[in-house]
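# Examining the three-dimensional arrangement
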Amino acid sequence: MDLEELERTARALVAPGKGILAADESTGTIKKRFESIGLSSTEENRRAYREMLFTTLGMEQFISGVILFDETIRQSTAGGVAFTKVLEGAGIIPGIKVDAGAKPLAGFPGEQVTEGLDGLRERLAEYRELGARFTKWRAVITIGEGIPAQTCIDANAEALGRFAALSQEAGLVPIVEPETLMDGDHTIDRHYDATRRTLEALFDRLFAHRVELTGTLLKTNMVLSGKSAAEQAGVEEVARWTLRVLSECVPAAVPGIVFLSGGQADEAATAHLSEMNRIGGVPWQLSFSYGRALQAPALKAWAGQLENVTAGQAALHHRAKLNSAARTGRYTPDMEDAAA
Ligand code: 13P
């Protein structure tokens, strides 16, 4: 393992003003996203959609890396240029989602454990060959009646530790992603509590597996009120709770924390990130690795039509630019009105 290379890559991914575009929707997830615009999920439609995103001019001012899915890392533009080459050409680092998805955890109704460790060493070697320089593994923690159980948290943390160690062995920066879901009607302090238990277990297992934190990025949820809770915490409250849990659990050696959007409205995800950076005073870069919060307006504007490619790219560029402003705490809602 070349730790210096891992550290360089990790720092480049959270370079000032930049964040990550998560475009690693699995086949099942992209099908759901396409259904929202009435488009069937064929391999060609998936390829055309990703080509639209990745060829957005000027995106590299705001986007440091893109997370790809197994199918996508093997695809090319209509003109025959591999997506990895398109990204590298723009100075954007290609990454890859390597987990095999969250599956029901036996004996724990309503809880999930992420699979994908079998054969991972061989797959990582191939992904590096294909151009990937970082990886992602997502664990899902659900809040509900009597859950999350500690067994679920621990099983997921152990898998994240093994994934991260294997990634570093292969010369790839691991993005460890424990997502404590915002689904439910819980209060914000319950989300804080479940997030805290999850992050404590995660770092315990990262240490146990001898993962180099300076060559690792944390991708996690913000601390929020449950999506269907009657009372919703405001922007400042979300920022304070989130900074609190991160300060309690995340060692300063981690170069950056990249948030997932997790079903927040895109403008809310931007406002929350900006507020945290405005408050500041933390040892890590606070950045984004949004899927929906970057792509949703682009997907809608594109709507599967060739003539809408420019409109889709303008929508992506706009959201990327505003999230870049949020990296320095300078985002304000009136920036939304500026023409995309
Ligand atoms: P969202 O921002 O849509 O939550 O997606 C990020 C991601 O990569 C989830 O694994």
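Residues numbered from 1 in each chain as written. Predicted model: local features only at pLDDT ≥ 70, side-chain atom pairs only at ≥ 80, totals over all residues. Heavy atoms only, no water.

What follows concerns the side chain of Ser 261. In this structure, Ser 261 sits in the loop between strand E9 (256-259) and helix H10 (266-279). In this structure Ser 261 comes out as buried when scored by relative accessible area, which is 3%. Among the polar contacts listed, one links the side chain of Ser 261 to the backbone nitrogen of Ala 293, at a separation of 3.3 Å. If near-sequence neighbours (up to four positions away) are discounted, Ser 261 is found in contact with Ala 269, Tyr 290, Gly 291, Arg 292 and Ala 293. (Helix = DSSP H or I, 4+ residues; strand = E, 2+ residues; numbered from the N terminus. Buried < 20%, exposed > 50% of the residue type's maximum accessible area, 1.4 Å probe, protein only. Polar contact = N/O pair within 3.5 Å; in protein donor to acceptor, adjacent residues only side chain to side chain. Contact = heavy atoms within 4.5 Å.)

By volume, the largest pocket is sized at about 730 Å³. Surrounding the largest pocket, 31 residues form its lining, Thr 29, Arg 33, Arg 138, Glu 179 and Arg 292 being those nearest its centre. At the level of secondary structure, the elements contributing two or more residues to the lining of the largest pocket comprise helix H2 (27-35), strand E6 (134-141), strand E7 (173-180) and strand E10 (285-290). Across the lining of the largest pocket, the residue classes break down as eight nonpolar, nine polar and 14 charged. Put simply, the second largest pocket is a space of about 180 Å³. The set of elements that each furnish at least two residues to the lining of the second largest pocket consists of helix H3 (43-54) and helix H12 (309-326). Residue contributions to the lining of the second largest pocket peak at six residues, all from H3. (1 Å grid on protein atoms, 1.4 Å probe; cavity = no way out; pocket = protein on both sides within 12 Å on 5 of 7 lines; lining within 4 Å. Points joined across faces, edges and corners; volume = space filled by probe spheres on them. Nonpolar A, V, L, I, M, F, W, Y, C, P; charged D, E, K, R; others polar.)

Another point: the site of the ligand. The ligand sits among 13 residues. The nearest are Lys 136, Lys 219, Ser 261, Gly 262 and Arg 292. Contact distances for the ligand include 2.7 Å between an oxygen atom and a backbone N or O atom of Gly 262. Interatomic distance of 2.7 Å between a side-chain N/O atom of Arg 292 and an oxygen atom of the ligand. Starting from 300 Å² of accessible surface for the ligand in isolation, the protein chains cover 91%. (Near = heavy atom within 4 Å. Areas by Shrake-Rupley, 256 points an atom, 1.4 Å probe, with all protein chains shown as cover.)

Further remarks concern the environment of Arg 240. Within the element layout of this structure, Arg 240 appears in helix H9 (residues 235-249). With 33 residues separating them along the chain, Arg 240 and Leu 273 place their C-alpha atoms 11 Å apart.

It is worth spelling out empty space enclosed by the protein at this point. Within this structure, the stated rule accounts for two cavities of 30 Å³ or more. Considering only enclosed or pocket space, the largest cavity measures out at about 50 Å³ in volume. Around the largest cavity sit Glu 179, Thr 180, Leu 181, Met 182, Asn 221, Met 222, Leu 224, Leu 260, Ser 261, Gly 262 and Gln 264, which together line it. In terms of residue class, the lining of the largest cavity is made up of five nonpolar, five polar and one charged. Its volume calculated, the second largest cavity comes out at about 30 Å³. Listing elements by their share of the lining of the second largest cavity, those giving two or more residues are E6, helix H7 (150-169) and helix H8 (188-208). With four residues, the top contributor of residues to the lining of the second largest cavity is H7.

Core analysis: the largest hydrophobic core is formed by 80 residues, its most contacted members being Val 66 and Leu 246. The element best represented in this core is H9, accounting for seven residues. With near-sequence residues (within four places) excluded, Val 66 lies in contact with Leu 21, Ala 23, Phe 54, Met 59, Leu 87, Ile 92, Ile 93, Pro 94, Gly 95 and Phe 134. Core analysis: the next-biggest nonpolar cluster, separate from the first, contains 13 residues, Ile 20, Ala 22, Ile 93 and Val 258 among them. (Core = buried A, V, L, I, M, F, W, Y, C linked by side-chain atoms within 4.5 Å.)

Turning our attention to the pairing of E10. Working note: regular strand, side chains alternate between the two faces of the sheet. With respect to burial, E10 is a largely interior element, five of its six residues being buried. Relative to E10, strand E1 (residues 19-22) runs parallel, the two sharing two bridges. Looking at E10, one finds that Leu 21 is bridged to Tyr 290. Relative to E10, E9 runs parallel, the two being bridged by four bridges. Its bridge partner being in E10, Ile 257 is matched across the sheet by Leu 286. With H10 bridging E9 and its parallel neighbour E10, the resulting β-α-β unit is right-handed. (Pairing = 2+ DSSP bridges. Right-handed = clockwise from strand over helix to strand, strands pointing away.)

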